[in-house]
Amino acid sequence: MLRVLHQVSGRGALRFPALTGTLTMVENHFSRITSDHANLTMVIQIFQYIIYGIASFFFVYAIILLGEGFYTTSAIKKELQSDFKTTVCGRCITAFFMFLTYILALAFLAIFGFTAIPVFLFFNMWNTCAAMRSPDSNITSPDSICVDVRQYGIIPWNATPGKACGATLGDICNTSEFYLSYHLYIVAFAGAGATVIALLHYLMILSANWAYLKNVVSTHDYQDIKTKDDQDLEAEARSKEGQNSSSYS
């Protein structure tokens, strides 16, 4: 089972370099026993399917939101410029998208916080390596400077060696897996933040459209009632004029 997971993860290296690069570094430098990072391998495999699902869902959802936005804006213009009236179904659809966008904003806020974990881990490693290479640092014993990934919960505490020190740590920071994974995690972190901002922005737009629709519907209802009252008063006045003219004759 572990061998199959490892092979599947290896085939996914071209798909998600950040995840597979992280697994490669863990296997080569922090956990040389396969059973120690078996859970990490399984989680990475699951995340690959989750990422595919999220990407596909948001592609479809973005198209739906675009169409719904055009529909709502067009409906508001027609409400303001003519006697066109929105239906209850249309307003319910707008309310549904407001609720769904709100839930997705909360979900991506959690993803935004989750993606900060690998960025923090890689930043600490990069900062430690930079301090070791700095000519201004007075480090007499480089082997005493270590990064222990076990404290982040990536691998269990009994994993060996579990940490990298001195020259080994410097070699890790010089690998292509570290450089690429670090920058891709930063991109993912920034992308999640941008998605949260975009969802909140669109939620504000949907809320404004909903308020406009509700206000316009109320205005139309008031105008309909006022028009009907005016017509009744006009009909009553004409009836009285007819009665007066017949009595005089």
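Residues numbered from 1 in each chain as written. Predicted model: local features only at pLDDT ≥ 70, side-chain atom pairs only at ≥ 80, totals over all residues. Heavy atoms only, no water.

If you tally the helices and strands in the protein chain, you get 6 helices and 2 strands. Taken from the N to the C terminus, the helices and strands of the protein chain come in the order α-α-α-α-β-β-α-α. By the burial criterion, 33% of the 249 residues in the protein chain qualify as buried. Counted over contacts in the protein chain with a minimum sequence separation of 6, partners at least 24 positions apart contribute 75%. Of the roughly 15600 Å² of accessible surface on the protein chain, 66% is carried by carbon and sulfur atoms. (Helix = DSSP H or I, 4+ residues; strand = E, 2+ residues; numbered from the N terminus. Buried < 20%, exposed > 50% of the residue type's maximum accessible area, 1.4 Å probe, protein only. Contact = heavy atoms within 4.5 Å. Areas by Shrake-Rupley, 256 points an atom, 1.4 Å probe, with all protein chains shown as cover.)

Below, the discussion takes up the UniProt feature "transmembrane region" (unreviewed entry) in the protein chain. Mapped onto the present numbering, the UniProt feature "transmembrane region" (unreviewed entry) falls at residues 49-71, 92-123 and 184-205. Along residues 92-123 one finds 100% helix and 0% strand; the C-alpha atoms at either end are 46 Å apart. Helix makes up 100% of residues 184-205 and strand 0%. Its end C-alpha atoms lie 31 Å apart. (UniProt positions renumbered as here; feature names shortened; annotations may be inferred.)

A surface patch of nonpolar side chains, amounting to about 500 Å² of accessible area, comprises F99, Y102, I103, L106 and L109. Relative to the helices and strands, L109 is located in helix α4 (residues 88-133). (Patch = residues over 30% accessible without salt bridge, like charges linked within 9 Å, V, L, I, M, F, W, Y side chains within 5 Å. Salt bridge = Lys/Arg side-chain N within 4 Å of Asp/Glu carboxyl O.)

Of note, T115 is situated in helix α4. Residue T115 is classed as buried on the basis of its relative accessible area, which comes to 14%. Here the alpha-carbon distance between T115 and Y185, two residues 70 residues apart in the chain, equals 7.1 Å. Apart from the residues lying within four places of it in its own chain, the contact partners of T115 are A188, F189 and A192. A polar side-chain atom of T115 sits 2.9 Å from the main-chain carbonyl oxygen of F112. (Polar contact = N/O pair within 3.5 Å; in protein donor to acceptor, adjacent residues only side chain to side chain.)

Glancing now at the packing of aromatic side chains. Between two aromatic rings, the relevant description is the distance of the centres plus the angle of the planes. Scanning the model with the defined rule gives 15 aromatic pairs in all. A centroid spacing of 5.6 Å and a plane angle of 20° characterise the contact between F47 and F114, whose relative ring orientation is stacked. Linking F47 in helix α3 (residues 38-81) with F114 in helix α4, this pair joins segments that are 67 residues apart in sequence. Looking at F47, the relative accessible area reads 29%, which means it is partly exposed. According to the relative accessible area criterion, F114 is partly exposed, its value standing at 45%. Taking the centre distance of 6.3 Å and the plane angle of 10° together, the rings of F122 and Y182 count as stacked. (Phe/Tyr/Trp six-rings, centres within 6.5 Å; stacked < 30°, edge-to-face > 60°.)

A full pass over the atoms with the stated rule returns 1 cavity of 30 Å³ or more. In this model, the largest cavity occupies a volume close to 70 Å³. What lines the largest cavity is simply T22, M25, V26, F30, L121, F122, M125, V149 and I154. Considering each element in turn, the lining of the largest cavity owes the most residues, 4 residues, to helix α2 (residues 17-30). Grouping the amino acids of the lining of the largest cavity by side-chain chemistry returns 8 nonpolar, 1 polar and no charged. (1 Å grid on protein atoms, 1.4 Å probe; cavity = no way out; pocket = protein on both sides within 12 Å on 5 of 7 lines; lining within 4 Å. Points joined across faces, edges and corners; volume = space filled by probe spheres on them. Nonpolar A, V, L, I, M, F, W, Y, C, P; charged D, E, K, R; others polar.)

Here T22 lies in helix α2. Sequence-distant contacts of T22, that is, excluding residues within four places in its chain, are made with F122, S181 and Y185.

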